[in-house]
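# Secondary and tertiary structure notes
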Amino acid sequence: MRWGILGAARIAAQAVVPALREAGDQVVVMGSRDLRRGRAAAAQMGIPMAVEGYQAVLEQDLDAIYVPLPNSLHRPWVLAALASGKHVLCEKPLGLTAREAGEMAAAAQRAHLVLAEAVMYRYHPRWQLIMDLVHSGELGAVRQLSGGFSFRLRPPPDVRWEADLGGGALYDVGSYLINAARWVVGRDPERAVALAIPRRGVDESTSVLLEFASGPGTAATLAALSCGFATVGSEWLRIEGDQAVLSVPKPFTAWHEERPPILVDSPLGQRLIDSPAADPYLEMVTAFGRAVEALAPVQTSAEDAIGTLAVIDACRASWLSGSWQDLEARRPEA
Ligand SMILES: NC(=O)c1ccc[n+]([C@@H]2O[C@H](COP(=O)([O-])OP(=O)(O)OC[C@H]3O[C@@H](n4cnc5c(N)ncnc54)[C@H](OP(=O)(O)O)[C@@H]3O)[C@@H](O)[C@H]2O)c1
């Protein structure tokens, strides 16, 4: 596939452009607000062409566009890229609200184009092991889930400190925890409550409680999730069943040779499971290519992003109201 990149973003240089190249795709052009900076970044990433602005990228002969822009720019540029007839891989979170994600999902569907959210951890093969364990019944019924994803964010300037650009810890790292909770539990929560510590106009730290209601044959599940920009790096997930508990260190950013073992703990004893080494970005772009060839549906679809953003909407409303928020009322109409 022939790709264009919007913006000289760090994540493009560090992870996604190398993964595209390793997958055998061509990264043809990068657009930047500043042509000089764009040229320098393109040269560094081995991209043959740089153009000024993002629209100029969409005018090229390409198959797909990668959108690693600040969060508030995802919606306008995803819609513009789809309107230009290209498939789109957009960074997480897909939009700022479930309504935005719904708008993007509808536009992709109308245009018969693939739109995926770049939630790379979902493609790491160790998550296949984790989900196999959850579905195997070894944990019993999953009744509680807890997790954290925090790190010390450098002082401004950084897009993650900019409220107008969709900054804040909940969007940046909390979105991974919410994504994982919905995936592991296998359904959307019924309600959410959240508390934030604000700093510089964004949430520096947020804690979230989610209630996944019981249904026929399914027990209720609670999730307690914390994220932030104020502590030393910490990233973990515990999936607690009525038979055993699964502890996952570094659930989201294990990369290349990092192979943190997964622990299964039950009254019968403890078992360590090896994590395979992998590049989840390479797995993600390979899966995207398969979706474009219509060989498989994309796992991190815009529809899935709507579910995660509906929870984020509820958490943000809860910051203001101080009360539980029902999710049902927050999903945009299909
Ligand atoms: N999946 C992952 O592992 C992962 C990791 C980190 C970040 N992300 C996501 O990737 C996206 C970008 O994050 P990043 O940390 O790579 O950001 P970044 O390095 O700050 O890059 C963002 C790019 O957006 C462009 N931009 C357009 N308007 C801008 C504005 N007003 N202010 C600043 N930059 C602007 C800039 O490119 P030009 O100046 O060249 O136009 C800039 O290089 C975010 O959505 C983030 O959530 C994902």
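Since the structure is predicted, the reported quantities are computational estimates derived from the model, not experimental observations.

Reading the values: rules and limits
- Residues numbered from 1 in each chain as written.
- Predicted model: local features only at pLDDT ≥ 70, side-chain atom pairs only at ≥ 80, totals over all residues.
- Heavy atoms only, no water.
- Domains from an automatic or database assignment.
- Contact = heavy atoms within 4.5 Å.
- Buried area = accessible area lost by both parts, 1.4 Å probe.
- Salt bridge = Lys/Arg side-chain N within 4 Å of Asp/Glu carboxyl O.
- Near = heavy atom within 4 Å.
- Polar contact = N/O pair within 3.5 Å; in protein donor to acceptor, adjacent residues only side chain to side chain.
- Areas by Shrake-Rupley, 256 points an atom, 1.4 Å probe, with all protein chains shown as cover.
- Helix = DSSP H or I, 4+ residues; strand = E, 2+ residues; numbered from the N terminus.
- Nonpolar A, V, L, I, M, F, W, Y, C, P; charged D, E, K, R; others polar.
- Expected span 1.5 Å × (residues − 1).
- Bend = angle between axes of the 7 residues up to and from the residue.
- Buried < 20%, exposed > 50% of the residue type's maximum accessible area, 1.4 Å probe, protein only.

Take the domain arrangement of the protein chain next. Taken domain by domain, the protein chain consists of domain 1 (2–120 + 283–300) and domain 2 (124–276 + 310–328). Computed over C-alpha atoms, the centres of domain 1 and domain 2 are 26 Å apart. Across the contact, 17 residues belong to domain 1 and 20 residues belong to domain 2. Between domain 1 and domain 2, roughly 1,400 Å² of surface is buried when both sides are summed, and carbon and sulfur atoms account for 52% of that area. Three residues, Arg10, Lys92 and Met120, lead the burial of domain 1 against domain 2; their summed loss comes to 33% of the area buried on that side. At the boundary of domain 1 and domain 2, one finds 2 salt bridges. Among the salt bridges present, the one from Lys92 reaches Asp172, with a minimum N-O distance of 3.4 Å.

Here we take up the site of the ligand. Around the ligand, 24 residues are found, and the nearest of them are Ser32, Tyr54, Asn71, Lys92 and Tyr281. Interatomic distance of 2.4 Å between a side-chain N/O atom of Tyr54 and an oxygen atom of the ligand. Within the side chain of Tyr281, one N or O atom sits 2.6 Å away from an oxygen atom of the ligand. Surface burial for the ligand is 85%, taken as the share of its 900 Å² of free accessible area covered by protein chains. Looking at the shell around the ligand, the elements that each hand over two or more residues are helix 1 (10–22) and helix 7 (169–185). Residue classes in the shell around the ligand are distributed as 14 nonpolar, 4 polar and 6 charged. Viewed by domain, the shell around the ligand spans two of them, domain 1 (2–120 + 283–300) and domain 2 (124–276 + 310–328), each represented by three or more residues.

Taking 1.5 Å of rise per residue, the 13 residues of helix 1 would be expected to cover 18 Å, and the 18 Å separating its terminal C-alpha atoms lies within 8% of that figure. Taking the largest bend as the criterion, helix 1 deviates by roughly 40°, centred on Val16, and proline Pro18 comes between one and four positions later. Every buried residue of helix 1 is accounted for by Ala12, Ala15, Val16, Val17, Ala19 and Leu20. Buried-residue contacts for helix 1 involve strand 1 (2–6), strand 2 (26–32), helix 2 (35–45), strand 4 (64–67) and helix 8 (280–292). Positive phi appears at Gly24, one or two residues downstream of helix 1, with a value of about 95°.

Moving on, we come to the side chain of Glu204. Within the secondary structure, Glu204 is located in strand 9 (residues 202–212). With relative accessibility at 11%, the residue Glu204 sits in the buried group. A polar side-chain atom of Glu204 sits 3.0 Å from a polar atom in the side chain of Arg199. In this structure, Glu204 is in contact with Trp161, Ala169, Ile197, Pro198, Arg199, Cys227, Gly228, Phe229 and Ala230, ignoring residues within four places of it in sequence.

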